[in-house]
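Reading the structure
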2 protein chains.
Amino acid sequence: MNVPNFSLSTEASYLKRSVMRDLLSLATSPDILSLAGGLPASEYLPLKQYQACLNQVLNRGSRCMQYSPQYAPLREWIAAYMRSRGVDCDVRNIFITNGAQQGLTILSRLLLDPGQPVVIEAATFTGIQQVTAGRGADVRTVPTNLETGVDLDSLEAAFKRNPRPRFAVIIPDFHNPLGVSLSAEKRHVIADLASKYGVPIIEDDPYSALRFEGDKLPPIKAYDEAGYVFYLGSFSKMLAPSVRLGWIVAPDELIPKITVFRESIDLESSILTQQAVYEFVSQGFLDDHLICFNAVNQQRRDALLSALEEHLGGIATWTHPQGGLFVWVTLPEGMDTWAMFEKAIEKKVIYIPGAAFTIDATCRNAMRLNFSNLRPDLIDEAVSRLADVIHMQQAVSV
Amino acid sequence: MNVPNFSLSTEASYLKRSVMRDLLSLATSPDILSLAGGLPASEYLPLKQYQACLNQVLNRGSRCMQYSPQYAPLREWIAAYMRSRGVDCDVRNIFITNGAQQGLTILSRLLLDPGQPVVIEAATFTGIQQVTAGRGADVRTVPTNLETGVDLDSLEAAFKRNPRPRFAVIIPDFHNPLGVSLSAEKRHVIADLASKYGVPIIEDDPYSALRFEGDKLPPIKAYDEAGYVFYLGSFSKMLAPSVRLGWIVAPDELIPKITVFRESIDLESSILTQQAVYEFVSQGFLDDHLICFNAVNQQRRDALLSALEEHLGGIATWTHPQGGLFVWVTLPEGMDTWAMFEKAIEKKVIYIPGAAFTIDATCRNAMRLNFSNLRPDLIDEAVSRLADVIHMQQAVSV
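Residues numbered from 1 in each chain as written. Chains lettered and ligands numbered in written order. Predicted model: local features only at pLDDT ≥ 70, side-chain atom pairs only at ≥ 80, totals over all residues. Heavy atoms only, no water.

Moving on: the interface of chain A and chain B. Listed per partner, the contact involves 89 residues of chain A and 89 residues of chain B. Of the roughly 7500 Å² buried between chain A and chain B, counting both surfaces, carbon and sulfur atoms make up 57%. Seen at the junction of chain A and chain B, the total is 2 salt bridges. With a shortest N-O distance of 3.6 Å, Arg109(A) and Glu11(B) are connected by a salt bridge. At the boundary of chain A with chain B, the tally comes to 43 residue pairs in polar contact (both at pLDDT 80 or more). Within the residue set of the side of chain A that touches chain B, elements represented by two or more residues are helix 1 (10-14), helix 3 (47-58), helix 5 (99-111), helix 9 (255-266) and helix 10 (271-282) of chain A. Among the elements that line the side of chain A that touches chain B, the one with the most residues is helix 9 of chain A, at 8 residues. A per-class count over the side of chain A that touches chain B returns 42 nonpolar, 26 polar and 21 charged. (Contact = heavy atoms within 4.5 Å. Buried area = accessible area lost by both parts, 1.4 Å probe. Salt bridge = Lys/Arg side-chain N within 4 Å of Asp/Glu carboxyl O. Polar contact = N/O pair within 3.5 Å; in protein donor to acceptor, adjacent residues only side chain to side chain. Helix = DSSP H or I, 4+ residues; strand = E, 2+ residues; numbered from the N terminus. Nonpolar A, V, L, I, M, F, W, Y, C, P; charged D, E, K, R; others polar.)

Right, dumping it as structure tokens:
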């Protein structure tokens, strides 16, 4: 097929191809152990239960194959779920999306013109970078403490600056990539800062249901009396990625505008999937699944922390997540996890270099490790290989 | 939930809530007969076959519930399908989307900055309006002849004007809302105009597989030697809306940029659905389904044309589609299908007023009628009710 010579949009120039993706595409050997992805444990996804729910819906007839408005019973269930977490909302506040990423897209388009200021965490999920820096926003970054989460003084300073930011994106639980969670007190302060400075918060929360340790905490949205917090939820991690469903909690006055944005993007979410997910959650399969799933994740987190202690104790430091999928490992200053990535591929282990989670290629001495998608014995082997790479790199630098 | 007072983006001001949607929401009575929607025949959707395919995939294990790259066998099948229609392409040119609307979103963002000129047909699908006028484009409209499709002289004039348009969107087969199709000769000319003036064409083709009469025609893309035509396909009408899958055919050099745009919007399409749709198409269920489905559609189109002749002959004129879902009815000059809509609801029949398909509220004496989602006897009853409304309106105007 010929390549024409027309030019692309300004937006096309903002949005960069992921260099990390190119690196990962080199990692094709089947004997590579991956600590890189953000995949939940494949072998513990609730296949049989979800299949049963899909068949229940399909057995009712072909309406589930048609175009359809959002499925009200699922929206009702989500509203009740959010209320059980302390959020004052009802069905009118719930809008179903294709995962939390689509929520980020819709809200960023609703709130942000290119060139306007926004606030994101200095190390954050690449999908959050895409809807801010990737749309030509003037990005203000705030540091995130590895034990307590986003730094409140920096956040307030970023909110205070004129022009005021259009919004801030914050991950409350089991931060991607850092693994850290915010205390209830910090959540309360963040909601107050939002209303004090009139800066909307987009609370990106795909992970909170994956808590296996410590007390459950209300989302930032639970402290939001003034209506400045948009909450994004997702079934991708708590049920399965391929259902491609998530939700926005927003003021009901904004739902019509959100609806027309969504329609312009891709019309709607599959009614078959919405109905099957509703059967799954309303018949109690979700609760059963999370008990099993989080036990598996906890065992794997333990395996990763033990392996780090054994193979990298005294060299590296790391976060201690109480749930989610990720541990953040910091190597001595001067080491470069991006530079050592090809060596890691040779040693048959992969991870994500810290710099991939920043828009200015900092955090070069850090890396994100996933613990959810490898068996505990393979996690140990993977970290052992990783330690070999790091030791070699250290020997070179000395 | 409180409503905060932050302002929205410029884009949010472009994208208008559909007034038509508000009107349709009045039509809640169960005894209303709808000629309004664009729904394929619910009772003939291939439920059992698709269910069997879903279960085949699910029975292979939980990989189908995970994150995944696009499913290569489905992309291969689509490439072969496009080659069978005369398009020179292979798997590298195929990108899977959540329906053709997402293809419109991705391509419009790839090619268009707000304020830049684009070309669309004067009466066209509302989703095409959303990604052009709804993004603040400088929209140039070209008329579409009700027997031969888009007017080529007007198209060339719009292409010639400086600054050159960023792209033009054209529906080749069974136009929504007009029902008309382009001849092979016109398709060839359009591809040549695109390359002559360097204007990309977005060919939006959700309907071509729904042909029940006349010869199949190659898409505009088949005549595109210079690479200026982007083709958008969809499984929504040929298989079922709730699979939410479609595809883009594009130069392979642009696929990485399309991929990163797609990731930023909603990451990916469900691998479970992609695999199930692949089983459906590759096991021959699609061909069987279309034989049955198009026979049903033809019977319903015939019923609509007969009913129009019986109840509105001599008053109205209408198009004679050889496939698809829609007939376009033109009433005498001066009549107003928007104004008579509430009267139609009272008479328990609904349609879409022509003005809804224009960005300047013209075509006020026209309406779009769907024939695919009502039984033939109900189509006759619906048109009879519609004729009553029109006769009343005529009496008022006289």
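What follows is about the nonpolar core. One finds Leu155(A), Ile258(A), Leu155(B) and Ile258(B) to be the most contacted residues of the largest nonpolar core, which totals 105 residues. Dropping the residues within four chain positions of it, Ile258(A) is found in contact with Phe95(A), Ile106(A), Leu107(A), Leu110(A), Ile248(A) and Ala250(A). Within the second largest apolar cluster, 92 residues are counted, among which are Met65(A), Leu272(A), Leu45(B) and Val57(B). (Core = buried A, V, L, I, M, F, W, Y, C linked by side-chain atoms within 4.5 Å. Buried < 20%, exposed > 50% of the residue type's maximum accessible area, 1.4 Å probe, protein only.)

Superposition of chain A onto chain B requires a rotation of 180 degrees combined with a translation of 0.0 Å along the rotation axis, giving an RMSD of 0.0 Å. Taken together, the rotation and translation describe the operation of a two-fold axis. In this assembly, 100% of the residues forming the interface of chain A have copies in chain B that are likewise at the interface, indicating an isologous arrangement. (Least-squares fit on C-alpha atoms with pLDDT ≥ 70 in both.)

Our next topic: the environment of Glu342(B). The topology assignment puts Glu342(B) in helix 12 (residues 341-346). Sequence spacing of Glu342(B) and Asp22(B) is 320 residues, and the spatial spacing of their C-alpha atoms is 12 Å.

Glancing now at the sheet that holds strand 9 (residues 229-234) of chain B. All names here are of chain B. Pairing is mixed across the open sheet formed by 7 strands, whose spatial order is 2-10-9-8-7-3-4. Every interior strand has two partners, whereas the edge strands, strand 2 (94-97) and strand 4 (138-142), have only one. Each adjacent strand pair in this sheet contributes to an overall mean axis angle of 20 degrees, direction not counted. As judged from the 3 bridges shared by strand 7 (residues 168-170) and strand 8 (residues 201-204), these two strands associate in the parallel manner. Bridged to Ala168 within strand 8 is Ile201. (Pairing = 2+ DSSP bridges. Axes fitted to C-alpha atoms, helices over the stretch in contact; angles between N-to-C directions.)

Moving on to the pairing of strand 8 (residues 201-204) of chain A. Residues Ile201(A) and Glu203(A) point to one face of strand 8 of chain A and Ile202(A) and Asp204(A) to the other, with burial holding for every one of them. The β-α-β motif built from strand 7 (residues 168-170) of chain A, the intervening helix 8 (residues 184-197) of chain A and the parallel element strand 8 of chain A has right-handed crossover chirality. (Right-handed = clockwise from strand over helix to strand, strands pointing away.)

Moving on to the pairing of strand 9 of chain B. All names here are of chain B. Burial runs high along strand 9: 6 of the 6 residues are buried. Here strand 9 shows a buried face lined by Val229, Tyr231 and Gly233 and a second buried face lined by Phe230, Leu232 and Ser234. Two strands pair when backbone bridges link them, and strand 8 and strand 9 are joined in this way by 4 bridges, in the parallel orientation. Bridge pairing links Ile201 to Val229 in strand 9. In this sheet, strand 10 (residues 246-249) lies alongside strand 9 in antiparallel orientation, the contact comprising 4 bridges. Of the residues in strand 10, the one forming a bridge with Ser234 is Gly246.

Right, let's talk about the environment of Ala123(A) for a bit. Residues and elements named next belong to chain A. Its location among the elements puts Ala123 in the loop between strand 3 (117-121) and helix 6 (126-130). Along the sequence, Ala123 and Ile78 sit 45 residues apart, while their C-alpha atoms lie 29 Å from each other. Apart from the residues within four sequence positions on either side, Ala123 is in contact with His175, Pro177, Leu178, Phe357, Thr358 and Cys363.

Attention now moves to the packing of helix 4 (residues 72-84) of chain A against helix 10 of chain A. All names here are of chain A. Between helix 4 and helix 10, whose axes approach to 9 Å, the crossing angle comes to 45 degrees. Considering their axes alone, helix 4 and helix 10 lie oblique with respect to each other. Judged by the sense of rotation from one axis to the other, the crossing of helix 4 with helix 10 is left-handed. Residue-level inspection shows Pro73, Leu74 and Trp77 of helix 4 in contact with helix 10, the latter providing Gln274, Val277, Tyr278 and Val281. Along the lines of polarity and charge, the residues of the contact of helix 4 with helix 10 split into 6 nonpolar, 1 polar and no charged. (Parallel < 35°, antiparallel > 145°, perpendicular 65-115°, else oblique. Left-handed = near helix turned anticlockwise from the far one by under 90°.)

For the rest of this paragraph, the subject is the pattern of salt bridges. Under the definition given, this model contains 38 salt bridges over all chains. Arg262(B) is paired through a salt bridge with Asp266(B); the nearest N and O atoms lie 2.5 Å apart. Taken together, the residues span about one helical turn, with Arg262(B) and Asp266(B) both in helix 9 (residues 255-266) at a distance of 4 residues. Between Lys343(B) and Glu346(B) there is a salt bridge whose closest N-O contact spans 3.7 Å. In this pair, Lys343(B) and Glu346(B) both sit in helix 12, 3 residues apart, roughly one turn of the helix. Take Glu346(B): its relative accessible area is 56%, and that puts it in the exposed class. One salt-bridge network, held together by shared partners, links Glu11(A), Arg109(A), Glu11(B) and Arg109(B).

Glancing now at the state of the cysteines. Residues and elements named next belong to chain B. On inspection of all chains with the given rule, the structure shows 0 disulfides over all chains. The thiol of Cys64 is not disulfide-bonded; the next cysteine sulfur, from Cys53, is found 13 Å away. The buried category is assigned to Cys64, whose relative accessible area is 2%. (Disulfide = S-S within 2.5 Å.)

Between its first and last C-alpha, helix 3 (residues 47-58) of chain B extends 16 Å over 12 residues, near the 16 Å set by a 1.5 Å rise per residue. All buried positions along helix 3 of chain B are accounted for by Leu47(B), Tyr50(B), Gln51(B), Cys53(B), Leu54(B), Asn55(B), Val57(B) and Leu58(B). At its buried positions, helix 3 of chain B is contacted by helix 3 and helix 10 of chain A together with helix 10 (271-282) and helix 11 (285-312) of chain B. (Expected span 1.5 Å × (residues − 1).)

All names here are of chain A. In this structure the tally under the stated criterion is 20 aromatic pairs over all chains. Judged by centre distance (6.1 Å) and plane angle (85 degrees), the rings of Tyr81 and Trp247 are edge-to-face. Placement of the pair is Tyr81 in helix 4 and Trp247 in strand 10 (residues 246-249), with a sequence separation of 166 residues. Summarising the burial analysis for this pair, Tyr81 and Trp247 share the class buried. The interplanar angle of 75 degrees and the centroid separation of 5.3 Å between the aromatic rings of Phe341 and Tyr351 together place this pair among those described as edge-to-face. One end of the pair, Phe341, is in helix 12 (residues 341-346); the other, Tyr351, is in the loop between strand 13 (349-350) and strand 14 (352-353), with 10 residues separating them in the sequence. (Phe/Tyr/Trp six-rings, centres within 6.5 Å; stacked < 30°, edge-to-face > 60°.)

Turning our eyes to something else, we now look at the side chain of Thr124(A). Residues and elements named next belong to chain A. Looking at the element boundaries, Thr124 is found in the loop between strand 3 and helix 6. For Thr124, a relative accessible area of 0% puts it in the buried group. Excluding anything up to four places from it in sequence, Thr124 contacts Gln129, Ile171, His175, Asn176, Pro177 and Phe357.

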